[in-house]
Amino acid sequence: ATVTKDSLSNPKTITIDFGTSNCLCNDNRYRRGQIIVSYTGQYRDSGSVHSISFNNYFVNDNAVLGTKTVTNMGHNAAGKSYFNVVVNGLIVKAITGDSIIWTSNRTRTWTQGESTPIRLDDVYEVSGTASGSKAGNSYTIQITQPLVRAKACKWITAGKMELNVSGKPTRYIDFGNGTCD
């Protein structure tokens, strides 16, 4: 991919361009098209907005559409930085033409590591909701206890959520007690 940064425009943009033909990437997936990131300031800056969108972007010939917007909301009453994360996503499957729809509205709170330049000590808590549909089944997700995600662990280590799939019993998911397991 070719990465182009435009730091003169407002908002600033980063364009990741995979070209018009499929490009085999390090994760063994083929990509083409562009990922466009626009931003009004640094991630840590209160009020900054970072948005990700797509231009004729495909992964393994599946069309990826939609946006993800992260807004730095400043500090909460506990003095922690928090972010509003809104996703409106759509994937159109290449073979079947079926669509996968994903929307969410979450709050990401930076609970540990904000005062250091080291990313591996960062810990976030995520709360909020999501919904979507796939193959005619719709679903909703409600985070009932904030999900804890430490950068030093590749899994969610604590928190609870409820998953409701149309016509199915509610599923209760408990991510544990904080151990990276």
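Scope of this entry: the structure provided in the associated data block. Keep in mind it's a predicted model, so treat the numbers as computed, not measured.

### Notes on the layout of surface pockets
Line of reasoning, step 1. Considering only enclosed or pocket space, the largest pocket measures out at about 460 Å³ in volume.
Line of reasoning, step 2. Y43, R108, R119, Y124 and K151 are the residues nearest the centre of the largest pocket, which is lined by 17 residues in total.
Line of reasoning, step 3. Sorting the residues of the lining of the largest pocket by element identifies β5 (49–59), β6 (62–75) and β8 (99–112) as the ones contributing at least two each.
Line of reasoning, step 4. Of the residues belonging to the lining of the largest pocket, the class tally is 8 nonpolar, 3 polar and 6 charged.
Line of reasoning, step 5. Lining the second largest pocket are 16 residues; nearest its centre among them are W102, R106, V126, I143 and L147.
Line of reasoning, step 6. Going through the elements one at a time, β8, β9 (123–134) and β10 (137–150) are the ones with two or more residues in the lining of the second largest pocket.
Line of reasoning, step 7. With 5 residues, the single largest contributor to the lining of the second largest pocket is β9.
Line of reasoning, step 8. Across the lining of the second largest pocket, the residue classes tally to 9 nonpolar, 3 polar and 4 charged.

### Considering the pairing of strand β7 (residues 81–92)
Line of reasoning, step 1. Direction of pairing for β6 relative to β7: antiparallel, over a ladder of 11 bridges. For V64, the partnering residue across the bridge sits in β7 and is I91.
Line of reasoning, step 2. Hairpin connection between β6 and β7: a loop of 5 residues separates the two successive antiparallel strands, and G79 in this loop has a positive phi of roughly 80°.
Line of reasoning, step 3. Both β7 and β8 contribute to a ladder of 11 bridges, which runs antiparallel. Bridge pairing in β8 links V86 to N105.
Line of reasoning, step 4. The hairpin turn running from β7 into β8, its antiparallel successor, is 6 residues long, and G97 in that turn takes a positive phi close to 80°.

### A word on the pattern of salt bridges
Line of reasoning, step 1. By the definition in use, this model includes 3 salt bridges.
Line of reasoning, step 2. Among the salt bridges present, the one from D61 reaches R32, with a minimum N-O distance of 2.5 Å. Placement of D61 in the loop between β5 and β6 and of R32 in strand β4 (residues 30–39) is noted, with a sequence separation of 29 residues between them.
Line of reasoning, step 3. Accessibility expressed as a relative area gives 19% for R32, which makes it buried.
Line of reasoning, step 4. The residue K160 makes a salt bridge to D174 at a minimum N-O spacing of 4.0 Å.

### So, the nonpolar core
Line of reasoning, step 1. In terms of nonpolar packing, the biggest core is built from 9 residues, these being V126, A130, Y139, I141, I143, L147, M161, L163 and V165.
Line of reasoning, step 2. Contributing elements (two or more residues each) for this core: β9, β10 and β11 (156–165).
Line of reasoning, step 3. If one sorts the elements of this core by residue count, β10 sits on top with 4 residues.
Line of reasoning, step 4. Apart from residues no more than four positions distant in its own chain, M161 is found in contact with I141, Q142, I143, T144, L147, R171, Y172, I173 and F175.

Criteria and cut-off values
All residue numbers refer to position in the chain's written sequence, counted from 1. Selection of residues for local features in this predicted model requires a pLDDT of at least 70, selection of side-chain atom pairs for listing and counting requires 80 or more, and totals for whole chains, interfaces and linings are taken over all residues. Hydrogens and waters are ignored; side-chain quantities use all the structure's heavy atoms. The pocket and cavity definitions rest on a 1 Å grid over protein atoms only: a 1.4 Å probe that fits but cannot leave marks a cavity, an open set with protein on both sides within 12 Å along at least five of seven lines marks a pocket, and residues lining either have an atom within 4 Å of a point. Grid points are joined across faces, edges and corners, and a volume is the space filled by probe spheres set on the points. Put simply, DSSP marks the helices as runs of H or I at least four residues long and the strands as runs of E at least two long, and each gets a number from the N terminus on. Three residue categories are used. Nonpolar comprises Ala, Val, Leu, Ile, Met, Phe, Trp, Tyr, Cys and Pro, charged comprises Asp, Glu, Lys and Arg, and polar comprises the others, including Gly. At least two DSSP bridges between two strands are needed for those strands to be called paired. A pairing counts as a salt bridge when a side-chain nitrogen of Lys or Arg comes within 4 Å of a carboxyl oxygen of Asp or Glu. To sort residues, take the accessible area from a 1.4 Å probe on protein chains only and compare it with the maximum for the residue type: under 20% means buried, over 50% means exposed, and anything in between is partly exposed. Note on terminology: a nonpolar core comprises buried Ala, Val, Leu, Ile, Met, Phe, Trp, Tyr and Cys residues joined through side-chain atoms within 4.5 Å. Any two residues whose heavy atoms approach within 4.5 Å are treated as being in contact.

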